[in-house]
Amino acid sequence: EGQYVMMGETIFNVVNEDNLAVIVQIRSEEIPKIHIGQEAENTIEGGMPVGGKIDFIEPLLKKNAKTMTARIYFENTNHNYKVGSLVKVKIKGFGK
């Protein structure tokens, strides 16, 4: 069996699971409390926490938006996390 592929069509993605990114939404009123380089803790259900750091914060709040996007990279060399996993994130120094 087979399938035809059009030029430019993605047929597979290569992913390095040793380092993963978590994309989080930060409420607009909480944005002043975060900064690039700030430490965060990522946890999957029943898993051990894994440390990471914020490496990107969306530069502008879009009109009528209530959240901004931030990205946290963390090491995953033991491959406990899979691409697409849902995680809980605690940003250190963020408060309750």
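Residues numbered from 1 in each chain as written. Predicted model: local features only at pLDDT ≥ 70, side-chain atom pairs only at ≥ 80, totals over all residues. Heavy atoms only, no water.

1. A closer look at the side chain of Gln38
With respect to the secondary-structure elements, Gln38 resides in the loop between β1 (19–27) and β2 (39–43). At 2.9 Å, the side chain of Gln38 and the backbone nitrogen of His35 are in polar contact. (Helix = DSSP H or I, 4+ residues; strand = E, 2+ residues; numbered from the N terminus. Polar contact = N/O pair within 3.5 Å; in protein donor to acceptor, adjacent residues only side chain to side chain.)

2. Quick look at the packing of aromatic side chains
What the rule picks out here adds up to 1 aromatic pair. Taking the centre distance of 5.0 Å and the plane angle of 70 degrees together, the rings of Phe74 and Tyr81 count as edge-to-face. A single burial state applies to Phe74 and to Tyr81, both of which are buried. (Phe/Tyr/Trp six-rings, centres within 6.5 Å; stacked < 30°, edge-to-face > 60°. Buried < 20%, exposed > 50% of the residue type's maximum accessible area, 1.4 Å probe, protein only.)

3. Structural notes on the pairing of strand β3 (residues 50–57)
Bridge count between β2 and β3: 4 bridges; the pairing is antiparallel. Its bridge partner being in β3, Asn42 is matched across the sheet by Val50. Where β2 folds back on β3, the antiparallel hairpin that results is connected by 6 residues, among which Gly46 adopts a positive phi of roughly 75 degrees. Sheet topology places β3 next to strand β4 (residues 67–75); 5 bridges connect them, and they run antiparallel. (Pairing = 2+ DSSP bridges.)

4. Some words on the sheet that holds β3
Strand order across the open sheet formed by 5 strands is β1-β4-β3-β2-β5, with antiparallel pairing between neighbours. Two strands in the sheet have a free side with no partner beyond their single neighbour: β1 and β5 (88–91). When strand polarity is set aside, the average angle formed by the axes of neighbouring strands in this sheet is 35 degrees. Pairing of β1 with β4, which is carried by 9 bridges, proceeds in the antiparallel orientation. Within β4, the residue paired with Val22 across the bridge is Ile72. (Axes fitted to C-alpha atoms, helices over the stretch in contact; angles between N-to-C directions.)

5. Notes on a nonpolar patch on the surface
A grouping of Val5, Ile11, Phe12 and Val14 is seen on the molecular surface, where their side chains present a nonpolar patch of about 470 Å² in accessible area. With respect to the element layout, Val5 can be found in the segment before β1. The class of Val5 is partly exposed, set by a relative accessible area of 46%. (Patch = residues over 30% accessible without salt bridge, like charges linked within 9 Å, V, L, I, M, F, W, Y side chains within 5 Å. Areas by Shrake-Rupley, 256 points an atom, 1.4 Å probe, with all protein chains shown as cover. Salt bridge = Lys/Arg side-chain N within 4 Å of Asp/Glu carboxyl O.)

6. Here's the deal with the environment of Glu75
By secondary structure assignment, the location of Glu75 is in strand β4. Overall, Glu75 belongs to the exposed group, its relative accessible area being 55%. Glu75 sits 57 residues away from Asp18 along the chain, and the two C-alpha atoms are 5.9 Å apart. Dropping the residues within four chain positions of it, Glu75 is found in contact with Asp18, Asn19, Val50 and Gly51. (Contact = heavy atoms within 4.5 Å.)

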